[in-house]
Amino acid sequence: MLAADQGHERVVELLLQRGAEINKQNSDGGTALMVAAVKGHPAIVLRLLRAGADTKLRTEDGKSALQYAREQGHSECVEAFRQHIAEVTANHREAAAGGAGGAISGEAASSGSLGSLPREAVDAALQGDEAALLAWLDSGGRVNATCRAAGMCGGTALMAAAQEGHERLVELLLQHGAQVNLQNSDGYTALMLAAFNG
């Protein structure tokens, strides 16, 4: 379990480095930060906060990531918010002498222009089978193709690999041009799915 957690943290880091929109919201208004807080992944919560996740965003039911962490009883996630606030406060004090910062933007997957992701490619991505996915890509498969299968409607191979924490496969797909900010039919991005599974 610890190995899976570490794998997902690295996948989150990789997706952030590749420009994943940290504040992109799904169809219910949820963000990667909210997903990590709900699922109880404090290291991912802290990493997303440090990367600029907006703590003021709310879901359709009006709740923030911190509220979800508290409701779910994830004290380590609540502590990650406290730690981040302490770090920001300290940085603001230091910035009184001089400092700096940054921001980001995304699109929804439209299966017509991206192609169709076959079940074999979905299975390869979920299982971390690099050889099978490379063979599919080499035979003309489109890296941003979307799946219509139940449970993964509108999902891409990148989303499946990120969801399962397959760091090397995520890197391979990104090298082949996978679009990091595509959303599935529920509005989830690869970053949200990686945060969800920790």
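What you see is a predicted model, and the numbers here were worked out from it, not measured in a lab. (Residues numbered from 1 in each chain as written. Predicted model: local features only at pLDDT ≥ 70, side-chain atom pairs only at ≥ 80, totals over all residues. Heavy atoms only, no water.)

Novice: Quick question: what am I supposed to make of the overall build of the protein chain here?
Specialist: Of regular secondary structure, the protein chain possesses 11 helices and zero strands. The helix and strand sequence of the protein chain, counted from the amino end, reads α-α-α-α-α-α-α-α-α-α-α. For the protein chain, buried positions account for 44% of its 198 residues. (Helix = DSSP H or I, 4+ residues; strand = E, 2+ residues; numbered from the N terminus. Buried < 20%, exposed > 50% of the residue type's maximum accessible area, 1.4 Å probe, protein only.)

Novice: Which parts of the structure should I look at to understand helix α2 (residues 32-39)?
Specialist: Residues spaced three or four apart along an α-helix point in a common direction, a consequence of the helix completing one turn every 3.6 residues. For α2, the buried fraction is high: six of the eight residues fall into the buried class. Turning to α2, its buried residues number three or more, namely A32, L33, M34, V35, A36 and A37. The first or second residue beyond α2 is G40, which carries a positive phi of 75°.

Novice: What should I look at first to understand the pattern of salt bridges in this one?
Specialist: Side chains that differ in charge, positive against negative, can pair when their charged atoms come close. Here the structure, examined in full by the defined rule, presents nine salt bridges. Residue R18 is joined to E171 by a salt bridge in which the shortest nitrogen-to-oxygen separation is 2.9 Å. A relative accessible area of 37% places R18 in the partly exposed class. Since its relative accessible area comes to 23%, E171 is described here as partly exposed. (Salt bridge = Lys/Arg side-chain N within 4 Å of Asp/Glu carboxyl O.)

Novice: Would you take a moment to explain the nonpolar core for this structure?
Specialist: Note that soluble globular proteins tend to have their nonpolar side chains buried in a common cluster. Counting residues in each nonpolar core, the largest one holds 56 residues, and the members touching the most others are L15, V45, L48, L133, V170 and L173. Leaving out residues up to four positions away in the same chain, L133 has contacts with A121, A124, A125, A157, L169 and L173. (Core = buried A, V, L, I, M, F, W, Y, C linked by side-chain atoms within 4.5 Å. Contact = heavy atoms within 4.5 Å.)

Novice: Would you mind showing me how to read the side chain of T31 here?
Specialist: Tracing the backbone shows T31 in the loop between α1 (2-17) and α2. Other than its neighbours up to four places away in sequence, T31 contacts I22, N23, K24, Q25, L57 and M192.

Novice: Explain the environment of R148 to me, please; I cannot follow it from the model alone.
Specialist: Following the sequence through the fold, R148 ends up in the loop between α8 (130-138) and α9 (157-164). A C-alpha to C-alpha distance of 9.4 Å links R148 and S185, two positions 37 residues apart in sequence.

Novice: Quick question: what am I supposed to make of α9 here?
Specialist: With respect to burial, α9 is a largely interior element, six of its eight residues being buried. Taken together, the buried positions of α9 are A157, L158, M159, A160, A161 and A162. Residue G165 follows α9 closely and has a positive phi angle near 75°.

Novice: Help me understand the confidence of the model for the protein chain, please; the structure alone is not making it clear to me.
Specialist: Low-pLDDT stretches of the model should not have their predicted coordinates read in fine detail. Confidence along the protein chain averages 84 in pLDDT terms, with 84% of residues attaining 70 or more. The lowest-confidence element of the protein chain is helix α6 (residues 111-114), averaging 48 in pLDDT; the highest-confidence one is helix α10 (residues 167-175), averaging 95. Contacts from residues 1-6, a stretch scored under 50 in pLDDT, to residues over four places away or in other chains number three contacts. (pLDDT = per-residue confidence, 0-100.)

Novice: Honestly, a negative patch on the surface in this entry has me stumped. Any pointers?
Specialist: A contiguous patch of negative charge on the surface is contributed by D28, E60, D61 and D186. Structurally, D61 can be placed in the loop between α3 (42-50) and α4 (65-71). (Patch = residues over 30% accessible without salt bridge, like charges linked within 9 Å, V, L, I, M, F, W, Y side chains within 5 Å. Areas by Shrake-Rupley, 256 points an atom, 1.4 Å probe, with all protein chains shown as cover. Lys, Arg positive; Asp, Glu negative; His and termini not counted. Charge placed at Lys NZ, Arg CZ, Asp CG, Glu CD.)

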